[in-house]
Amino acid sequence: MTDTWERVQLASARVPFRLKVALVWAVLFALLAFFGNAAGFDMQWIGDNIRYIVGGLRYTMTIAVLGIALAIVLALFGALARISRNPVAYGVAGFYVSFFRGTPLIVQMFLLYLALPPVGRNLAAEYTWLPEGFDQALVLEAATAGTLALGLNYGAYMTEIFRAGIQSVAGGQGEAADALGMTYGQKMRKVVLPQAFRVIIPPTGNEFIAMMKDTALVSFLGVNIASAEIFRRAQLVGKSDFKNLEAYVAVALVYWGLTVLFTFFQSRLEKRIGRGYDRTHVARAMEAAGQQGQPHGGAG
């Protein structure tokens, strides 16, 4: 028995690790296909409706891109406020981070979508000097409210990411900028932030991928069909045909594919940014530059 087990281990050692992983994945997919077939899974239905579901991808990506853009702006200002000595800026940033990290994202969406309109109407009724139409100024569309909530929520979490990135820059860099007579804005823009982004970009990419999946929560606000993102479309078409299992599996595969795609691009971006800080890469680049700079020998 021991000899047999040793022969199995030796045979296994000859198989590349990646091939082993691929075999594990193949077995898992085979098991999923078996259980799906046993549950009466309708692949034909997915093939007929996947194009409609994927059609909402432009709305999903629009919400995610606008949300992450807002989050980056809020995180940058929030981080600068968190490291400042200004008590007002520090207090406002602290309140913002505490509230949006301490309450659920779905609650924040409903606050913006359902709670703000009565506030606008009450203010307009109480203060008649407010401009005309103010009673409707805080009425937001579901997609707009969801995008704002995503930006505000993720901005609170990313504030700490940006703060850590800024504080990771060696203090001597800021002192050198001060010695050159740079203003605070110039120091941050030209010296500190370019170096801090090397630390900030990887977790920001992770936050974008997470936000892209959290766009599904916008569907709970009742987005109209014309601007429905992929999860809302899967819900609608699945309910209409009584194919909820197939609809949710289809949209899960779409989210999974998006995650794999953006994770790949994020890893490439991280490698590209990190090249300037990789000693091995820098040494090879300098060696190559030195070889190119050497004079070519000619025949005498």
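Shown above is the structure to which this text applies.
Residues numbered from 1 in each chain as written. Predicted model: local features only at pLDDT ≥ 70, side-chain atom pairs only at ≥ 80, totals over all residues. Heavy atoms only, no water.

Draft legend 1. Structural view of the packing of aromatic side chains. What the rule picks out here adds up to 11 aromatic pairs. Relative to tyrosine 248, the ring of phenylalanine 231 lies with its centre 5.9 Å away and its plane at 25°, an arrangement referred to as stacked. Of this pair, phenylalanine 231 sits in helix 10 (residues 230-241) while tyrosine 248 sits in helix 11 (residues 244-274), placing them 17 residues apart in sequence. Under the relative-accessibility criterion, phenylalanine 231 is labelled buried at 16%. Pairwise contacts between aromatic rings join Phe95, Tyr96, Phe99 and Phe100 into one cluster. Directly above the ring of tyrosine 52 sits arginine 233, whose terminal nitrogen or CZ lies 4.8 Å from the centroid. (Phe/Tyr/Trp six-rings, centres within 6.5 Å; stacked < 30°, edge-to-face > 60°. Helix = DSSP H or I, 4+ residues; strand = E, 2+ residues; numbered from the N terminus. Buried < 20%, exposed > 50% of the residue type's maximum accessible area, 1.4 Å probe, protein only. Lys NZ or Arg CZ within 6 Å of the ring centre and 35° of its normal.)

Draft legend 2. Focus on the pattern of salt bridges. For the structure shown, the criterion picks out 3 salt bridges. In this structure, lysine 243 and aspartate 42 form a salt bridge, with 3.3 Å as the shortest nitrogen-oxygen distance. Taken together, the positions of lysine 243 in the loop between helix 10 and helix 11 and aspartate 42 in the loop between helix 2 (17-38) and helix 3 (43-54) put the pair 201 residues apart, joining distant regions of the chain. Using a relative accessible area of 23% as the deciding quantity, one classes lysine 243 as partly exposed. Of the charged contacts in the structure, one is a salt bridge between glutamate 160 and arginine 82, with a shortest N-O distance of 3.5 Å. Remark: arginine 82 occurs in helix 4 (residues 57-82) and glutamate 160 occurs in helix 7 (residues 142-167); sequence separation between them is 78 residues. We classify arginine 82 as partly exposed; its relative accessible area is 23%. A single network of salt bridges, built from pairs that share partners, joins Arg82, Glu160 and Arg163. (Salt bridge = Lys/Arg side-chain N within 4 Å of Asp/Glu carboxyl O.)

Draft legend 3. Region of interest: the packing of helix 4 against helix 5 (residues 87-102). As a packed pair, helix 4 and helix 5 sit with axes 8 Å apart at the nearest point and diverge in direction by 130°. Overall, the two elements helix 4 and helix 5 adopt an arrangement that is oblique. Of the two possible hands of crossing, helix 4 and helix 5 adopt the one that is left-handed. Taking contact as the criterion, the partners of Leu74, Gly78, Ala81 and Arg82 in helix 4 are, on helix 5, Ala89, Tyr90, Ala93, Gly94 and Tyr96. (Axes fitted to C-alpha atoms, helices over the stretch in contact; angles between N-to-C directions. Parallel < 35°, antiparallel > 145°, perpendicular 65-115°, else oblique. Left-handed = near helix turned anticlockwise from the far one by under 90°. Contact = heavy atoms within 4.5 Å.)

Draft legend 4. Quick look at helix 7. Relative to the 38 Å expected for 26 residues at 1.5 Å per residue, helix 7 spans 37 Å between its end C-alpha atoms, a close match to the ideal helical length. Where helix 7 bends most, the angle comes to about 35°, and this point is alanine 156. (Expected span 1.5 Å × (residues − 1). Bend = angle between axes of the 7 residues up to and from the residue.)

Draft legend 5. Geometry of unusual backbone geometry. Phi is positive for phenylalanine 242, close to 55°, though the residue is something other than glycine. In this fold, phenylalanine 242 is placed in the loop between helix 10 and helix 11.

Draft legend 6. Expanded view of helix 2. A rise of 1.5 Å per residue sets the reference length of helix 2, with its 22 residues, at 32 Å; its end C-alpha atoms lie 32 Å apart and thus fit the reference within 8%. Looking at the residues trailing helix 2, positive phi occurs at glycine 40, about 75°.

Draft legend 7. Structural detail: the environment of leucine 123. Take leucine 123: it is sitting in helix 6 (residues 105-126). Overall, leucine 123 belongs to the partly exposed group, its relative accessible area being 32%. Along the backbone, leucine 123 and aspartate 135 are 12 residues apart, and their C-alpha atoms lie at a distance of 7.4 Å. Not counting residues up to four positions away in its chain, the partners in contact with leucine 123 are Leu130 and Phe134.

Take it as geometry only, folks, not as evidence of what the structure does.
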